[in-house]
Amino acid sequence: MRVVVVGAGIMGASIAWHLTRSGAEVIVVGSGAPAASAASFGWINASFFHDAAHHRLRAEGLSAHRRLLDALPDVPLSFPGALWWEAQGADLQAFKDQLSALDYPVAALQRAEVQTLEPAIAGLPEEALLFHTEGVADPGRVASDLIRQSGAKMIRGVRVTGITGARSVTAVETEIGPIAADKVVVAAGNGAPDILRSVGITLPMLRRPGVMVMTKPVTARLSHTLVTPHGELRQLPDGRLMASAVANHQGDDSEDVIETPEAIAARVLAWLDPMIRDERVEWDEVTLAHRPVPQDGLPVIGSAGPEGLHVAVMHSGVTLAAIAGEVTAAQVLGTATNAQMALVAPYGPERFVG
Ligand SMILES: Cc1cc2nc3c(=O)[nH]c(=O)nc-3n(C[C@H](O)[C@H](O)[C@H](O)COP(=O)(O)OP(=O)(O)OC[C@H]3O[C@@H](n4cnc5c(N)ncnc54)[C@H](O)[C@@H]3O)c2cc1C
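Residues numbered from 1 in each chain as written. Predicted model: local features only at pLDDT ≥ 70, side-chain atom pairs only at ≥ 80, totals over all residues. Heavy atoms only, no water.

A. Spotlight on the side chain of R291. Mapped onto the fold, R291 is located in the loop between β19 (283–290) and β20 (293–294). Judged by relative accessible area, R291 falls into the buried class, the value being 10%. Within the local environment of R291, its side chain forms a polar contact with the backbone oxygen of D252, the two atoms lying 3.1 Å apart. With residues up to four places along the chain from it excluded, the contact list for R291 reads N190, R208, P209, G210, H249, Q250, D252 and H315. (Helix = DSSP H or I, 4+ residues; strand = E, 2+ residues; numbered from the N terminus. Buried < 20%, exposed > 50% of the residue type's maximum accessible area, 1.4 Å probe, protein only. Polar contact = N/O pair within 3.5 Å; in protein donor to acceptor, adjacent residues only side chain to side chain. Contact = heavy atoms within 4.5 Å.)

Shown next, in the form of structure tokens:
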């Protein structure tokens, strides 16, 4: 069976890897259009969620990433855990209770305990929550590693313009001609709606720009993802710090960025610099990218339109790449279990029809 996967970000790469593992012949097509994966914060978590079903999918996402890492120990994925102090007092306790009720591993720590875990951080709060199972990835590198290790064939720099096939898919159309396919998976992030329109499928997306600020390398060492009232922060392997321009960046619903890049960097440094003990922090890079967020904020995972067409488009696609890859590959190959089908049942593309 020949499967064409449209999109070479972390989602398309994970789907391709899971498909080839099960014996499918896979061709990945990537246009080179900006990928959210390359600009992502890369936090793998289930502490951000919309409802219980979404939390469950994300928690399964963490487990699927561990399976991926067991199979491919060299992919840039790890599980350092996250320390959360977006709120204090009753609000922190309420969040802990909410997560505990969902059986999510969470522990409340006092300042001295947090300081032991993060000795380089100044101005720690009285209390923080520890999510010790959460992870981080370098999503751009995970994507290229997965495609390379999958053995899938790759077509780069070619834009897919549509899909052919009335009852069943037969090909994807590209700007330089068709590629024959028995099955097609559209995992093209913000590029997906234009492709799906060619077969009459509407996929409304939100406009959700996201800005990250990277610092010059620091000598301080951070061990966890830090979720502060100002924004999220983590350290990259080269010693640089990566910080989100807003608090709770995964839930940010701004449609436009209204500050200049330098104003954003200055605002982030105003909280970040005093946090790092005994050294001056300077900004290095400001990155703007658009998160692929379907209109209701939830993932799109499932089949739609002509027989053999599957869609996987979502925000928090780093958290969800491994589980969406497992389930989509199984759906394409007709081997999905009842448990897998139930997990993604709320996320079918047909919910936007009519
Ligand atoms: C600033 C920012 C911070 C984020 N932080 C997090 C986080 O901490 N945790 C988390 O889980 N998620 C986070 N996300 C979201 C996450 O990064 C995305 O959901 C994920 O990267 C989406 O991956 P993808 O492969 O679906 O899409 P993309 O990475 O956007 O890849 C889409 C691919 O499709 C290709 N393409 C597009 N159109 C076409 C076409 N017509 N023909 C051929 N190819 C095409 C592109 O070239 C690209 O290869 C963040 C996103 C941003 C922008």
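B. Layout of the site of the ligand. The full set close to the ligand counts 39 residues, and S37, W43, V160, M314 and G317 are the nearest of them. M11 has a polar backbone atom sitting 3.0 Å from an oxygen atom of the ligand. One of the side-chain N or O atoms of S40 is found 3.0 Å from an oxygen atom in the ligand. Summarising the interface, the protein chains cover 97% of the accessible area of the ligand, which totals 1,000 Å² for the free molecule. (Near = heavy atom within 4 Å. Areas by Shrake-Rupley, 256 points an atom, 1.4 Å probe, with all protein chains shown as cover.)

C. Examining the pattern of salt bridges more closely. Under the definition given, this model contains twelve salt bridges. Between D194 and R197 there is a salt bridge, and its shortest N-O distance comes to 2.8 Å. One end of the pair is D194 and the other is R197, both in helix α6 (residues 192–197) and three residues apart, which spans about a single turn. For D194, a relative accessible area of 53% corresponds to the exposed category. Measuring nitrogen to oxygen at the nearest pair gives 2.6 Å for the salt bridge that ties D296 to R351. On the criterion of sequence distance, the pair formed by D296 in the loop between β20 and β21 (300–303) and R351 in the segment after α9 (338–344) is long-range, its members being 55 residues apart. For D296, a relative accessible area of 35% gives the class partly exposed. Judged by relative accessible area, which is 26%, R351 ranks as partly exposed. Within the structure, one salt-bridge network assembled from shared partners comprises K216, D238, R240, D284 and E285. (Salt bridge = Lys/Arg side-chain N within 4 Å of Asp/Glu carboxyl O.)

D. How the structure looks around the layout of surface pockets. There is about 500 Å³ of room inside the second largest pocket. Along its surface, the second largest pocket is lined by 28 residues, and A137, D138, R234, L236 and P237 are the ones closest to its centre. Elements represented by at least two residues in the lining of the second largest pocket include exactly β4 (77–78), β8 (135–137), α5 (139–150), β17 (232–235) and β19. Residue contributions to the lining of the second largest pocket peak at three residues, all from α5. (1 Å grid on protein atoms, 1.4 Å probe; cavity = no way out; pocket = protein on both sides within 12 Å on 5 of 7 lines; lining within 4 Å. Points joined across faces, edges and corners; volume = space filled by probe spheres on them.)

E. Empty space enclosed by the protein, seen in detail. Enumeration according to the criterion identifies one cavity of 30 Å³ or more in this entry. Empty space within the largest cavity amounts to approximately 40 Å³. Together, F48, H50, H54, R58, G297, P299, H315 and S316 line the largest cavity.

F. Representation of the nonpolar core in the model. Judged by nonpolar contacts, the single largest core of 65 residues is most densely connected at L19, V26 and F131. Among the elements that make up this core, the one with the highest residue count is helix α8 (residues 317–333) (nine residues). Ignoring any residue separated from it by four or fewer positions in sequence, one finds F131 in contact with S47, G81, A82, W84, F95, L99, Y104, P105 and V106. Of all hydrophobic cores here, the second largest spans 28 residues; its members include I121, V211, V218 and V281. (Core = buried A, V, L, I, M, F, W, Y, C linked by side-chain atoms within 4.5 Å.)

G. Up close: the packing of aromatic side chains. In this structure the tally under the stated criterion is three aromatic pairs. Here the aromatic rings of W84 and F95 are separated by 4.6 Å at their centres, their planes lie at 45°, and the arrangement is tilted. Taken together, the positions of W84 in strand β5 (residues 82–84) and F95 in helix α3 (residues 89–101) put the pair eleven residues apart, joining distant regions of the chain. Residue class for W84 comes out buried when judged on its relative accessible area of 7%. (Phe/Tyr/Trp six-rings, centres within 6.5 Å; stacked < 30°, edge-to-face > 60°.)

H. Region of interest: the sheet that holds β5. Pairing within the open sheet is mixed, and its eight strands lie in the order β6-β7-β5-β16-β17-β18-β15-β19. The strands lining the two open edges of the sheet, one partner per strand, are β6 (107–110) and β19. The average angle at which neighbouring strand axes cross in this sheet is 25°, direction not considered. Pairing analysis gives four bridges linking β6 to strand β7 (residues 127–131), with the strands arranged antiparallel. (Pairing = 2+ DSSP bridges. Axes fitted to C-alpha atoms, helices over the stretch in contact; angles between N-to-C directions.)

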